[in-house]
2 protein chains.
Amino acid sequence: MLILITYDVSTQNSGGKRRLRKVAKECVNYGQRVQNSVFECILDPSQVLLLKDKLLSIIDTEVDSLRFYYLGNNYANKVEHFGAKVGYEAEGVLMV
Amino acid sequence: MLILITYDVSTQNSGGKRRLRKVAKECVNYGQRVQNSVFECILDPSQVLLLKDKLLSIIDTEVDSLRFYYLGNNYANKVEHFGAKVGYEAEGVLMV
């Protein structure tokens, strides 16, 4: 099923920047980065649990926000894109 | 139905910052800001078209990215939140 993962990591301090990098790095192991803080991942239920556990061990739940959206298996018509399509390398580096 | 709107607006220049403010301002007229660049909007099909038109007139499709995710009417179990819940004022200003 398609899982959309969105996050806001507070980067007020260097710890935040490190968490942001770690969250992105974990997510690229599981899916495709479609925007700076938005990933689309095709996962089975056990992978969802695993990824969720990993991300929750990284973020600071006091200040960071993480959301999962479950788009099911028939997601082809549930996503629309407009504008620039950017590619991201495996390590999460923006390719322009 | 629930529409999730996510966007990346390039803020390399002042025009980008203006577009970012305008996109956010338009989205808050239609829904709830749940993260910095993520909005959840309950819209009927005509409102979707209207909002899409407005946002496409604001963004620079050469450099900005805009995505719509259609989560249908039964969305209660399709969304999971972890970590900080921030409130945003109607004008899109972060309330901490």
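Definitions and cut-offs
- Numbering of residues begins from 1 in every chain and follows the order in which that chain's sequence is written.
- Whichever chain is written first is A, and whichever ligand is written first is 1; the rest continue in order.
- Predicted model: local features are reported for residues with pLDDT of at least 70 only, side-chain atom pairs are reported and counted for 80 or more only, and whole-chain, interface and lining totals are derived from all residues.
- Side-chain metrics rest on all non-hydrogen atoms present in the structure, leaving aside hydrogens and water.
- UniProt positions are given in the numbering used here, feature names are shortened, and annotations may be inferred rather than shown by experiment.
- Only DSSP runs of H or I with at least four residues qualify as helices, and only runs of E with at least two residues qualify as strands; both kinds are numbered from the N terminus onward.
- Exposure categories follow from relative accessible area, calculated using a 1.4 Å probe and restricted to protein chains: below 20% of the type maximum is buried, above 50% is exposed, and the middle band is partly exposed.
- For this overlay, a least-squares fit was computed on C-alpha atoms, restricted to residues scoring pLDDT of at least 70 in both copies.
- One bridge is not enough; two strands pair if DSSP finds at least two bridges between them.
- The axes are straight lines fitted to the C-alpha atoms, using for helices just the contacting stretch, and the angles between their N-to-C directions are given from 0 to 180°.
- Contacts are residue-level and defined by heavy atoms, with any inter-residue pair within 4.5 Å sufficient.
- Two parts placed together each lose some accessible area; with a 1.4 Å probe, that loss summed over both constitutes the buried area.
- Counted as salt bridges are all cases of a side-chain nitrogen of Lys or Arg within 4 Å of a carboxyl oxygen of Asp or Glu.
- In protein, a polar contact requires one atom able to donate a hydrogen and another able to accept it; more generally it is a pair of N or O atoms within 3.5 Å, and residues adjacent in sequence count only if both atoms are side-chain atoms.

- Going by what an unreviewed UniProt entry lists, chain A is known as CRISPR-associated endoribonuclease Cas2 and is assigned to Hominibacterium faecale.
- Within the UniProt record for chain A, the comment given under Subunit (unreviewed entry) is "Homodimer, forms a heterotetramer with a Cas1 homodimer."
- UniProt's Cofactor (unreviewed entry) comment on chain A is quoted here verbatim: "Mg(2+)".

1. Details of the UniProt feature "binding site: Mg(2+)" (unreviewed entry) in chain A
All names here are of chain A.
Part 1 of the reasoning: The feature "binding site: Mg(2+)" (unreviewed entry), as annotated in UniProt, sits at Asp8 in this numbering.
Part 2 of the reasoning: Locating Asp8 in the fold gives a position in strand β1 (residues 2–8).
Part 3 of the reasoning: Classification of Asp8 by relative accessible area gives partly exposed; the value is 22%.

2. Describing the relation of the copies chain A and chain B
Mapping between the two copies of the chain is achieved by a rotation about an axis and a shift along the axis.
Part 1 of the reasoning: Once chain A has been moved 0.0 Å along the axis and rotated by 180°, it coincides with chain B to within an RMSD of 0.0 Å. The two molecules are tied by a two-fold rotation axis, judged by turn and shift. Proximity to the rotation axis, assessed at the C-alpha, singles out Leu71 of chain A in chain A; its C-alpha lies 3.4 Å from the axis.

3. Structural notes on the sheet that holds β1 of chain A
Part 1 of the reasoning: Read across the open sheet, the 5 strands follow the order β2(A)-β3(A)-β1(A)-β4(A)-β5(B); overall the sheet is antiparallel. Edge positions in the sheet fall to β2 (32–35) of chain A together with β5 (79–83) of chain B, since each of these pairs with one other strand and no more. On average, adjacent strands in this sheet sit at an angle of 25° to one another, irrespective of strand direction.
Part 2 of the reasoning: As paired elements, β1 of chain A and strand β4 (residues 65–70) of chain A share 6 bridges and run antiparallel to each other. Bridge assignment links Thr6 of chain A to a residue of β4 of chain A, and that residue is Arg67 of chain A.
Part 3 of the reasoning: Contacts from helix α1 (residues 14–28) of chain A reach β1, β2 and β3 (38–42) of chain A within the one sheet, and its direction differs from that of β1 of chain A by about 170°.
Part 4 of the reasoning: In the packing of helix α2 (residues 45–58) of chain A onto the sheet, contacts are made with β1, β3 and β4 of chain A together with β5 of chain B, and the angle to β4 of chain A comes to roughly 170°.

4. Here's the deal with the interface of chain A and chain B
Buried accessible area, meaning the area lost when the parts come together, often serves as the stated size of an interface.
Part 1 of the reasoning: Counting from both sides, the interface comprises 31 residues of chain A and, opposite them, 31 residues of chain B.
Part 2 of the reasoning: The contact between chain A and chain B buries some 2800 Å² in all, and 51% of this surface belongs to carbon and sulfur atoms.
Part 3 of the reasoning: On the chain A side of the interface with chain B, the three residues burying the most area are Gln35, Arg67 and Phe82 of chain A, jointly 24% of the side's total.
Part 4 of the reasoning: One can count 4 salt bridges joining chain A with chain B.
Part 5 of the reasoning: Across the salt bridge formed by Lys52 of chain B and Glu80 of chain A, the nearest N and O atoms sit 2.9 Å from each other.
Part 6 of the reasoning: For the pair chain A and chain B, the number of links is 28 residue pairs in polar contact (both at pLDDT 80 or more).

5. Considerations on the sheet that holds strand β1 (residues 2–8) of chain B
Part 1 of the reasoning: What the 5 strands build is an open sheet, ordered β5(A)-β4(B)-β1(B)-β3(B)-β2(B); its pairing is antiparallel. The strands lining the two open edges of the sheet, one partner per strand, are β5 (79–83) of chain A together with β2 (32–35) of chain B. Averaged over all neighbouring strand pairs, the angle between strand axes comes to 25°, with direction disregarded.
Part 2 of the reasoning: Packing against the sheet, helix α1 (residues 14–28) of chain B makes contact with β1, β2 and β3 (38–42) of chain B, and its axis sits at approximately 170° to β1 of chain B.
Part 3 of the reasoning: Packed onto the sheet, helix α2 (residues 45–58) of chain B meets β5 of chain A together with β1, β3 and β4 (65–70) of chain B and runs at close to 170° relative to β4 of chain B.

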